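The primary structure of each chain is shown beneath.
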Amino acid sequence: MTASVLATNLVCMAILFIDHGVVGGMGNLGLVLREYAQRIVTLRGNELASAKDVSLEDIHGVVVGDAPCSVRLTDDSHRSSMKIVSEAHDLKIPIIGLGFGALVIAKALGSTIDELNPPEAGWTTMTTSPMSRGDALLTGVPWTLTVPVWSCQSIGIAGPSAKTPGLRSLASTPRQKFAMFVCGVSTYGITAHIEWTTGACDEAIRNAGSDQITTWREGATLSSATCQRIAKKIFESVTLSLMPVDRVNVGVARDLHH
């Protein structure tokens, strides 16, 4: 669906998915959203880059998808994604970014993006911060969780900027302070790949270097089932608390209180 018909073709409120071309799309998050009868409208990167205007009038949530690349300000689709994020954040439309999408959100809201050399890749421990204890998306989530990470970039200075009060870390990995963050009340990002399905985990094993395959395979065997179970709990909170389909009224999603 192109941007020019995004608003006119909707008969009810929907979640906008900005698809940056990763096979599997939203992964586990998409499965949960559809399980809860959420309406999803997909806008692909090439459509976004050529669109002059994207209406958010009938959108009650935005999901910024992962990408097989880094954030580049020279890329039209990346700049367009940031523009939508900035507009949605100003309108207090709930947003969640996955992997690359989390970096897009951070950059759009004034943070710096640093290169990770070498990348942080593999199954690693993600530790929640004290601030996460009362967060709506992380209620009941353990303090530590083993997650798959494949990051060539990380969020550096996280504000404050002229526009936003800055990102607050909800969880970190050994090399990324902002592996999960929130900005304001309803803008979230997760650089760790908790959205990965079993198929995505298997694809990571196939794409790993020869010296990493064993580690990736062992990590998936030991931790994939638990990670996906916890991820489903987090994503259920997204659809029930952050972007609730049953509480949208006259185009405005209810406020999310912590």
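Counting starts from 1 at the beginning of each chain's written sequence and moves along it residue by residue. Predicted model: local features are reported for residues with pLDDT of at least 70 only, side-chain atom pairs are reported and counted for 80 or more only, and whole-chain, interface and lining totals are derived from all residues. Think of the side-chain values as coming from all heavy atoms in the structure, minus any hydrogens and water.

Asks: Is there a simple way to explain the layout of surface pockets in this structure?
Replies: If a probe the size of a water molecule is rolled over the atoms, the empty space left behind becomes visible. By volume, the largest pocket is sized at about 770 Å³. Both cavities and pockets are sets of points on a 1 Å grid over the protein atoms alone; in a cavity a 1.4 Å probe fits but cannot get out, in a pocket the set is open with protein on both sides within 12 Å along at least five of seven lines, and lining residues sit with an atom within 4 Å of a point. Considering the residues around the largest pocket, the lining is formed by 30 residues, among which Val22, Asp66, Ala67, His193 and Trp196 are closest to the centre. Looking at the lining of the largest pocket, the elements that each hand over two or more residues are helix 4 (100-108), strand 6 (144-155) and helix 5 (198-207). Secondary structure elements follow DSSP: runs of H or I of four or more residues count as helices, runs of E of two or more count as strands, with numbering from the N terminus. Among the elements that line the lining of the largest pocket, the one with the most residues is helix 5, at five residues. Three residue categories are used. Nonpolar comprises Ala, Val, Leu, Ile, Met, Phe, Trp, Tyr, Cys and Pro, charged comprises Asp, Glu, Lys and Arg, and polar comprises the others, including Gly. Here the residues of the lining of the largest pocket are counted per class, giving 13 nonpolar, 14 polar and three charged. Grid points are joined across faces, edges and corners, and a volume is the space filled by probe spheres set on the points.

Asks: I'm lost on the sheet that holds strand 7 (residues 168-173) in this one. Help?
Replies: Paired through their backbone hydrogen bonds, the strands of a sheet run either parallel or antiparallel. We treat two strands as partners when DSSP finds at least two bridges between them. Pairing is mixed across the open sheet formed by nine strands, whose spatial order is 2-1-3-4-9-8-7-5-6. The open sheet is flanked by strand 2 (40-44) and strand 6, the only strands paired with a single partner. Averaged over all adjacent pairs, the angle separating strand axes in this sheet is 30 degrees, with direction ignored. Where strand 3 (residues 59-64) meets strand 4 (residues 95-98), three bridges bridge the pair, whose relative direction is parallel. Throughout, an axis means a line fitted to C-alpha atoms (over the contacting stretch in the case of helices), and angles, computed between N-to-C directions, take values from 0 to 180 degrees.

Asks: Would you mind going over the packing of helix 5 against helix 6 (residues 213-242) with me for this structure?
Replies: Any two packed helices are characterised by the angle at which their axes cross and by the distance between the axes. In contact at an axis separation of 9 Å, helix 5 and helix 6 are set at 165 degrees when each is read in the N-to-C sense. With respect to helix 6, the element helix 5 is oriented roughly antiparallel. Crossing hand, helix 5 versus helix 6: right-handed. Seen from helix 5, the contacting residues are Thr198, Cys201, Ala204 and Ile205; seen from helix 6, they are Ile213, Trp216, Arg217, Ala220, Ser224 and Gln228. Classifying every residue of the contact of helix 5 with helix 6 gives six nonpolar, three polar and one charged. When describing relative orientation, an angle under 35 degrees is termed roughly parallel and one over 145 degrees roughly antiparallel, while 65 to 115 degrees is termed roughly perpendicular and anything else oblique. By definition, turning the near helix anticlockwise from the far helix through less than a right angle yields a left-handed crossing, and turning it clockwise yields a right-handed one. The contact criterion used is simple: two residues touch if any of their non-hydrogen atoms lie within 4.5 Å.

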